[in-house]
Amino acid sequence: MKKVFLALAVVFTLVTTSVNAYAVEVSLGTSFQPLGFNFLRGSDARSFINDMKSDGLESTLDLLFESRIDVMIEILPYLALETGIGQRLSMNFYDGTIPIVEGVLEAGARTTIQRLEFTVPIMIRGQYEFERQLLYASVGVKLGIPMTNSYVTTSMPLFDIEEDLLDSKFSMDVSFALGLEGRLGDANYLGVRLSYDLNVIKPFDNKEIDDFYHDSFGAALTYRYAFNSKWKKKNAS
């Protein structure tokens with residue numbers, strides 16, 4: 001127990017010394033992800049896709065958008081905490097026709113997979129800043145809070161038939177990101193960010209379906225303003 005307290009004391013001393021030497025920098029910004037792709041992963045996901053194909057339904061549209069208000073807290077020169085709140089829209093459409101009377105009557109059918117969620121990322125960011133560019137890599141979790149009732153909706157409009165697979169209370173992804181930012185002036189940063197969200201808590205409520213996960217990959221444009229900017233202080237001195 002004494003060793004644990006000693007280790008905590010050492011960490012506290014290092015962090016305190018670092019904060020005193022390098023004033024904490026807080027950034028507020030926004031990001032918009034206009035381009036992305038969804039990946040259904042797992043044996044149950046493959047079975048689901050095969051069932052769609054066997055029913056005559058093909059993937060017709062794959063959408064992924066995310067916008068977010070970002071907060072970054074630089075606690076060390078090469079280490080920062082990323083968080084914020086955002087909204088994610090992730091959708092796959094499977095369209096086709098289903099025979100009602102063999103060779104006589106068919107009905108249009110659509111199966112929709114959607115994750116419409118509020119998102120809350122909690123990530124650690126390692127970074128290295130050059131004179132005008134900043135390169136970083138981030139890893140952490142992204143919590144998802146659903147804004148709809150149904151993760152999967154299957155409908156046959158001709159006969160007004162609908163079947164739903166309900167959302168879970170929340171989902172969680174392990175998120176990885178690589179980014180590059182350019183500094184404009186003393187405190188403005190524009191950048192691009194590539195991210196992969198590995199789904200680990202599935203976004204729907206069905207205990208019988210175990211191996212079904214909804215991953216996503218996207219590219220985002222980012223902007224942030226750094227309060228207490230080190231460059232502003234450096235240029236002022």
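Residues numbered from 1 in each chain as written. Predicted model: local features only at pLDDT ≥ 70, side-chain atom pairs only at ≥ 80, totals over all residues. Heavy atoms only, no water.

Peer 1: What is the right way to read the environment of leucine 89 from this model?
Peer 2: Mapped onto the fold, leucine 89 is located in strand β3 (residues 79–101). Residue classification places leucine 89 among the partly exposed positions, given a relative accessible area of 26%. A sequence separation of 27 residues divides leucine 89 from leucine 116, and the C-alpha atoms of the two residues are 4.6 Å apart. Those residues within four positions of leucine 89 in sequence are excluded, and the remaining contacts are Leu63, Leu64, Phe65, Arg115 and Leu116. (Helix = DSSP H or I, 4+ residues; strand = E, 2+ residues; numbered from the N terminus. Buried < 20%, exposed > 50% of the residue type's maximum accessible area, 1.4 Å probe, protein only. Contact = heavy atoms within 4.5 Å.)

Peer 1: What is the right way to read the nonpolar core from this model?
Peer 2: Soluble globular proteins tend to bury their nonpolar side chains together. If you look at the biggest cluster of nonpolar residues, it comprises 13 residues, and the most contacted ones within it are Leu40, Phe48, Tyr94, Ile113, Tyr151, Val152 and Phe212. Those elements that place two or more of their residues in this core are α2 (43–54), β4 (105–129) and β6 (150–156). When residues in this core are grouped by element, the largest group, three residues, is from α2. Beyond its immediate chain neighbours, meaning those up to four positions away, isoleucine 113 contacts Leu40, Phe48, Ser90, Met91, Asn92, Tyr94, Tyr151, Val152 and His214. (Core = buried A, V, L, I, M, F, W, Y, C linked by side-chain atoms within 4.5 Å.)

Peer 1: Before we go on, may I ask you to explain the pattern of salt bridges in this structure?
Peer 2: Where side chains of opposite charge bring their charged atoms close, a pairing between them can arise. Per the stated rule, a full pass over the model turns up 16 salt bridges. Across the pair arginine 41 and aspartate 215 runs a salt bridge, and its minimum N-O distance is 2.7 Å. One end of the pair, arginine 41, is in strand β1 (residues 25–41); the other, aspartate 215, is in strand β10 (residues 213–227), and 174 residues separate them in sequence. With a relative accessible area of 1%, aspartate 215 lands in the buried category. Two residues, arginine 193 and glutamate 82, come together in a salt bridge whose shortest N-O distance is 3.0 Å. Note that arginine 193 is positioned in strand β9 (residues 188–201) and glutamate 82 in strand β3, a separation of 111 residues in sequence. (Salt bridge = Lys/Arg side-chain N within 4 Å of Asp/Glu carboxyl O.)

Peer 1: Just checking my understanding: could you explain the confidence of the model for the protein chain for this structure?
Peer 2: Keep in mind that low pLDDT regions are not for reading the predicted coordinates in detail. For the protein chain, the average pLDDT comes to 83, and 81% of its residues sit at 70 or higher. Note on residues 1–22: pLDDT is under 50 here. Beyond four places in sequence and across chains, it has four contacts. (pLDDT = per-residue confidence, 0-100.)

Peer 1: Looking at this model, I keep getting lost on the environment of serine 175. Mind explaining?
Peer 2: Among the structural elements, serine 175 can be located in strand β8 (residues 171–184). Sequence-distant contacts of serine 175, that is, excluding residues within four places in its chain, are made with Met123, Ser138, Val139, Gly140, Val141, Lys142, Tyr196 and Asp197. Within polar-contact distance, the side chain of serine 175 engages the side chain of aspartate 197 at 2.6 Å. (Polar contact = N/O pair within 3.5 Å; in protein donor to acceptor, adjacent residues only side chain to side chain.)

Peer 1: What am I meant to see in the packing of aromatic side chains here?
Peer 2: Geometry of an aromatic ring pair is reported as the spacing of the ring centres plus the angle between the planes. One pass over the full model with this rule turns up nine aromatic pairs. Centroid distance phenylalanine 48 to tyrosine 94: 6.2 Å. Interplanar angle 90°. Geometry classified as edge-to-face. Of this pair, phenylalanine 48 sits in helix α2 while tyrosine 94 sits in strand β3, and the two are 46 residues apart along the sequence. Accessibility expressed as a relative area gives 16% for phenylalanine 48, which makes it buried. For tyrosine 94, a relative accessible area of 6% corresponds to the buried category. Residues tyrosine 151 and phenylalanine 204 carry aromatic rings whose centres are separated by 5.2 Å and whose planes lie at 25° to one another, so their mutual orientation is stacked. Within this pair, whereas tyrosine 151 is found in strand β6, its partner phenylalanine 204 is found in the loop between β9 and β10, the two being separated by 53 residues in sequence. Since its relative accessible area comes to 0%, tyrosine 151 is described here as buried. Linked through ring pairs, Phe48, Tyr94, Tyr151, Phe204 and Phe212 together constitute an aromatic cluster. Taking NZ or CZ as reference, arginine 125 lies 3.7 Å from the ring centre of tyrosine 136, over its face. (Phe/Tyr/Trp six-rings, centres within 6.5 Å; stacked < 30°, edge-to-face > 60°. Lys NZ or Arg CZ within 6 Å of the ring centre and 35° of its normal.)

Peer 1: Is there a simple way to think about a nonpolar patch on the surface in this case?
Peer 2: A cluster of nonpolar side chains, namely Val26, Leu28, Ile69, Ile85, Phe118, Ile145, Met147, Phe170, Val200, Ile201 and Phe227, defines an oily patch on the protein surface of about 910 Å² accessible area. Going through the elements one at a time, β1 and β9 are the ones with two or more residues in the nonpolar patch. You can see phenylalanine 170 is positioned in the loop between β7 (161–166) and β8. (Patch = residues over 30% accessible without salt bridge, like charges linked within 9 Å, V, L, I, M, F, W, Y side chains within 5 Å. Areas by Shrake-Rupley, 256 points an atom, 1.4 Å probe, with all protein chains shown as cover.)

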